[in-house]
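What follows is each chain in one-letter form.
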Amino acid sequence: MGGLQKKKYESGSATNYISRNKARKKLSLSLADFRRLCILKGIYPHEPKHKKKVNKGSTAPRTFYLLKDIRFLLHEPIVGKFREYKIFVRKLRKAYGKAEWSGVQRMKENKPAYKLDHIVKERYPTFIDAVRDVDDALSMCFLFSTFARTGKCHVQTIQLCRRLSIEWMNYIIASRSLRKVFLSIKGIYYQADVLGQTITWIMPYQFAHDHPTDVDYRVMATFTELYTTLLGFVNFRLYQTLNLVYPPKLDGQGEFSLKSEFEEDYALESESYTEKLSALSASLARTVPSVEDEEAQLDHFPAEGEDLEKMEARERTELEQNKQKKLFEGLKFFLNREVPRESLAFVIRCFGGQVSWDKSLCIGSTYDETDETITHHIVDRPTIDKQYINRYYIQPQWVYDCVNGKILLPVEEYFLGVTLPPHLSPFVEESEGDYVPPEKLKLLALQRGQKPQEEEEEEEEEDEDDEEEDDQSEDEDEAEDEANLAEMEEKRAQGKSLSVKVTPGKVKPENRMRTEQEEKAEEKRLAIMMMKKREKYLYDKIMFGKKRHVREANKLAAKRKAHDDANKADKKKKKKKC
Amino acid sequence: MAAVRRNKRVAAAQPGFLPFKSSLDDNSSAKRRKRVNKNKKKSWNKFSDIQDVEEFLDDVRLQERATGGLISEKADDSLFFVDTGETDVKDTQAQKTVKKGKPSKPLRIDLILQPDSHIPAPKNVLAFQQPNAKKQRRTSARAAKLAAMGVLPRREKLLQLRSAAAASGVPVKEHPEANNNPDRAFYDLWSAGTPETADPYYLEQTKKKLVKRPDRLNEKPSVLPAIEVIAPGGSYNPDFFSHQDLLREAHEVEVKKQKAEEKLARQLAVNEEKATEESIFKEQVQGLIEEEEIEPQEPEGDTEDTVMGPTATQEKKTERQRKKEKAERIKDLRRKVERQMIDKQQQLFQLRSISASVKKLEQRTKRRQAQRKAQQEAQKSMPRRLGRLKFQTPDLDVQLSDELASSLRSLKPEGSILKDRFKSLQKRNIIEPRERAKFNRKYKLKYSEKRAFREIE
């Protein structure tokens, strides 16, 4: 046997990985700088398959990077900048120590800075890549823009984040691409459809900050640094696609209408323009004057069979979306001062509504409370003193529920002081056979265009003070609901059981449709009969699973009914006591 | 120098030379000559008599100092004048007029400081010399030549450029812009731009072209979405059942945690028996009562005998025994082979069962393969172990039924989005989980009362 003896850990996975400390030394950076570099360049630690081999026999838990990744980092020009910055800090400290103030001044002027443009380009080679990954960037920017300027991070970063998030919101308004909103206990989730990409982001409620101590702010600031750069470039490109001016400018008409006498009371001269932009109440200027109501016609391709079905489905969704985009068109909203202004203004404007608020609340209000043409007044307090007759006084949840339901919901359930229906999450998509809360069922029915009759009754009864009648109507309500439910469940059950049950066919020659259906059912039955044993077994299993699902859903529905009944009973008792 | 000296000597040797000092001539030939070997330089120096020359030169120098030259060489007019016995009236008058205007007498200190020698002080050569003069002369000459040709030095060129830029109104960007400048400008990053025409090799070598990012790096380390939307029970005004679902989930997490804690506590608990009255009494009387049972007498001598070295005395096998054993071995082997043959033959009749078992095995491998694949898929969305610490799932954000807000206005947000984002990054394997560095004090704190404070007390 010739050749040299092989040594341990000189080939294979041990040479493919490098520990963090070694990588740091190889780049001759401090740990903080190394971390920053990895975040900016998108180099993530890697868990090796055989840790002991990689760790040269030791089992100590360590952070590993792929050696090739670190080699790639060696070429990064920013590494040099980091070193330069380190030297700058050292010199500055020395100058401070020697009290050389002119030197300090000069050094501060020549503070080394670096650009992340090339990194963004490198990490997101195409624009669509960037748009796909913008979720994180948005959430981070919206979060940082709400930070107090207390030194947790640079004030400039906060300002930049604010600017970028305003630009984004203005783009969403201009493109009308918002799809879903969800008010959660954490913050507000939004979902938009931008250039065919579904983008979700979370916006914190205003003034909801406690600063957690177990979060590394330096790391988060580094992410924000990258994300602000990314979002800026994405915004620029998005504005271009809509022929909007970037940086955003209010169009002439909007600018005029927003001029108020007490502008300087709101903000400084330098800030008032961004403040006006952030008011979200006026539209933006375009580079090419747009034609109103331009609707892109869907292309029609000759198609057959499945393609046809698909195309029809696509057309349907397109139509639906177009309808949704104009949800609030023609409506005029007024926000009372206790509602979350920014979120509501954003949502309403995204669907074509007009919105205003009290002048003293924020800059950029377009009309007063006394305006007679206001259709909806959004209030979040139990009662209001002065009410105008020709407008609805509703709670803010109505706006969000309308957006999620894609229709204008009846306003009665959202009047002042009324107990609101639950705010359902639009991010849940029930598959067939799942339990669907009755509120959602109602919504679905409304979407289908069935107008429940009790609506009118309720409207009448709103004015009446008689409690018993109210109760009765509610009972009727319930009864009808139940009926609906039962019907639907029956339908569903039938849909499933058709395949299993063997019913003796009746001859009904006059009904063509019926015979066709029966034929189909017969075919299916025969197919089941002809199944192989194994397939049959599988089939039975699937059917059983479905049935169980339905059973569970039914159980939940029954439970809900019981719960509602109990609630009602309680209410009745209370009323009687009163 | 030598020439000058020679001149002087020649002058002195001339018959018309007047020595300044009269003693110069007297002791010229008084001494006798001494005989010394003159084959060495040292003896030359020592014994050659140069007194006369020295004296003569001293005199020359004195003359020069005092009168500004050799007296013998001076013109007669400067040495003598014809005394006619009358003073110059004009001269005295002029002096008087000067006196009237100003006291012209110089200060005594100035007079002292006046040089009394008529020979000007020698120039300081170093004061007039320039270091590198030659080189400078040459460079300046070259610059002049270049300037005549129209080529300016770099420094001046830059200066001119800058002044031109300032004049045209284009601001010269001198300071690099910070990355988080809120007014920073953006541009179309993804536009095609002009294609690079330069030599790629040149660009690579001068580091103008960045290294291509490997595609592997653009893959995400986890399949989890960036934003995980909270369960429907997390709505500010949730549906009853979804809220209950969420609560149950949170409850289960909490129960699991508690169980783990309890288990730990159980394992760590010290198993100590409590002292009962009986045990206390026993302790108190221990040693007072004689206990006979606890004294088993062990025969020690016997044990020692048994522990001896192993007695390995094996008898040798006889030939017969060996033969017998060998025959048995062979028989055994033959029997085994026969058995195998029979088994193999029997397998022909067991084909069905064998095929069944093979099928079973195959099924098992298939099942295991599927399982492994499923596990791998599941692993993709799991947080990996990237460092010293494991990823800790954050607590579920939940509002209890009585904490739920009745309206949007009274909503109290739960949890922190910042923490949520941070944890999400960890969960997606983008950063490794870490804990806050603990502050370790190197030296203990010492407390002392301030003097002022004590005084007030």
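About the criteria used
- Residues numbered from 1 in each chain as written.
- Chains lettered and ligands numbered in written order.
- Predicted model: local features only at pLDDT ≥ 70, side-chain atom pairs only at ≥ 80, totals over all residues.
- Heavy atoms only, no water.
- Helix = DSSP H or I, 4+ residues; strand = E, 2+ residues; numbered from the N terminus.
- Buried < 20%, exposed > 50% of the residue type's maximum accessible area, 1.4 Å probe, protein only.
- Contact = heavy atoms within 4.5 Å.
- Areas by Shrake-Rupley, 256 points an atom, 1.4 Å probe, with all protein chains shown as cover.
- Pairing = 2+ DSSP bridges.
- Right-handed = clockwise from strand over helix to strand, strands pointing away.
- Core = buried A, V, L, I, M, F, W, Y, C linked by side-chain atoms within 4.5 Å.
- Expected span 1.5 Å × (residues − 1).
- Axes fitted to C-alpha atoms, helices over the stretch in contact; angles between N-to-C directions.
- Left-handed = near helix turned anticlockwise from the far one by under 90°.
- Parallel < 35°, antiparallel > 145°, perpendicular 65-115°, else oblique.
- Nonpolar A, V, L, I, M, F, W, Y, C, P; charged D, E, K, R; others polar.
- Patch = residues over 30% accessible without salt bridge, like charges linked within 9 Å, V, L, I, M, F, W, Y side chains within 5 Å.
- Salt bridge = Lys/Arg side-chain N within 4 Å of Asp/Glu carboxyl O.

Undergrad: I tried to follow the overall build of chain A on my own but got confused; where do I start?
TA: Regarding its fold elements, chain A presents 23 helices and nine strands. Looking at chain A as a whole, 43% of its 578 residues are labelled buried. Within chain A, contacts between residues at least 6 apart in sequence are counted, and of these 63% link residues at least 24 apart. With an accessible surface of roughly 33,500 Å², chain A has 51% of that area assigned to carbon and sulfur atoms.

Undergrad: What exactly am I supposed to notice about the pairing of strand S7 (residues 354-357) of chain A here?
TA: The side chains of a regular strand alternate, first on one face of the sheet and then on the other. Residues and elements named next belong to chain A. Judged from the four bridges that link them, strand S6 (residues 332-335) and S7 form a sheet pairing that is parallel. If you follow Leu335 over to S7, its bridge partner there is Trp357. Tracing the backbone out of S6, into helix H17 (residues 341-350) and back to the parallel element S7 gives a crossover that is right-handed.

Undergrad: Can you walk me through the nonpolar core in this structure?
TA: When a protein is soluble and globular, its nonpolar side chains tend to lie buried together. Core analysis: the biggest nonpolar cluster contains 132 residues, and A:Trp168, A:Leu178, A:Trp201, A:Phe328, A:Phe346 and A:Trp398 have the highest contact counts within it. The contacts of A:Phe346, once residues within four sequence positions are left out, are A:Met169, A:Ile172, A:Ile173, A:Leu178, A:Tyr190, A:Trp201 and A:Leu280.

Undergrad: Explanation requested: the side chain of B:Asn181 in the structure shown.
TA: Inspection of the secondary structure assignment puts B:Asn181 in the loop between helix H9 (154-168) and helix H10 (200-205). Look at B:Asn181 and you get buried, because its relative accessible area is 18%. For B:Asn181, the residues in contact, after removing those within four places along its chain, are A:Gln156 and A:Leu160.

Undergrad: Is there a simple way to think about helix H10 (residues 134-145) of chain A in this case?
TA: Residues spaced three or four apart along an α-helix face the same direction, because each turn holds 3.6 residues. In this model H10(A) runs 16 Å from its N-terminal to its C-terminal C-alpha over twelve residues, within 8% of the 16 Å that 1.5 Å per residue would give. Counting buried residues in H10(A) gives twelve out of twelve residues, a clear majority hidden from the surface. Taken together, the buried positions of H10(A) are A:Val134, A:Asp135, A:Asp136, A:Ala137, A:Leu138, A:Ser139, A:Met140, A:Cys141, A:Phe142, A:Leu143, A:Phe144 and A:Ser145. The inward-facing, buried residues of H10(A) abut helix H9 (127-132), helix H11 (155-175), strand S5 (197-204) and helix H12 (217-241) of chain A together with helix H16 (417-427) of chain B.

Undergrad: What am I meant to see in the packing of helix H3 (residues 31-41) of chain A against H12(A) here?
TA: Any two packed helices are characterised by how steeply their axes cross, that is the angle between the axes, and by the distance between the axes. Residue and element names in this part refer to chain A. Between H3 and H12, the shortest axis-to-axis distance is 9 Å and the interhelical angle comes to 35 degrees. Once H3 is placed against H12, the crossing between them reads as right-handed. Contacts between H3 and H12 involve Ala32, Arg35, Arg36, Ile39 and Leu40 from the first element and Arg218, Val219, Thr222, Phe223 and Leu226 from the second.

Undergrad: Teacher, can you tell me more about the packing of helix H2 (residues 20-27) of chain A against H3(A) here?
TA: All names here are of chain A. For the pair H2 and H3, interaxial distance at closest approach is 10 Å and the crossing angle is 95 degrees. Relative to H3, H2 is oriented roughly perpendicular. Contact residues: H2 offers Arg20, Ala23, Arg24 and Leu27, while H3 offers Leu31, Phe34, Arg35 and Leu37. Of the residues that constitute the contact of H2 with H3, the class distribution is five nonpolar, no polar and three charged.

Undergrad: So what exactly am I meant to see when it comes to the sheet that holds strand S3 (residues 178-183) of chain A here?
TA: In a beta sheet, neighbouring strands pair by backbone hydrogen bonds and run either parallel or antiparallel. All names here are of chain A. Taking strand neighbours across the sheet as the criterion, the three strands line up as S3-S4-S5 in an open arrangement whose pairing is antiparallel. Of all strands in the sheet, those with a lone pairing partner are S3 and S5, marking the two edges. The sheet shows a mean angle of 15 degrees between the axes of neighbouring strands, direction not considered. By the bridge criterion, five bridges tie S3 to strand S4 (residues 187-194) in an arrangement that is antiparallel. Directly across from Phe182, in S4, lies its bridge partner Tyr189.

Undergrad: Sorry, what's going on with unusual backbone geometry here?
TA: Phi is mostly negative for residues that are not glycine, and the peptide bonds are mostly trans. Note the cis peptide between A:Tyr246 and A:Pro247, where omega equals -5 degrees. Positionally, A:Pro247 belongs in the loop between H12 and helix H13 (252-258). A positive phi angle, close to 65 degrees, is found at B:Asn429, a residue other than glycine. Within the secondary structure, B:Asn429 is located in the loop between H16 and helix H17 (451-456).

Undergrad: Would you take a moment to explain a nonpolar patch on the surface for this structure?
TA: Residue and element names in this part refer to chain B. A grouping of Leu107, Ile109, Ile112 and Leu113 is seen on the molecular surface, where their side chains present a nonpolar patch of about 440 Å² in accessible area. Structurally, Ile109 can be placed in helix H6 (residues 108-113). On the accessibility criterion, Ile109 (49% relative accessible area) is partly exposed.

Without other data, these values stay purely geometric and don't point to any function.
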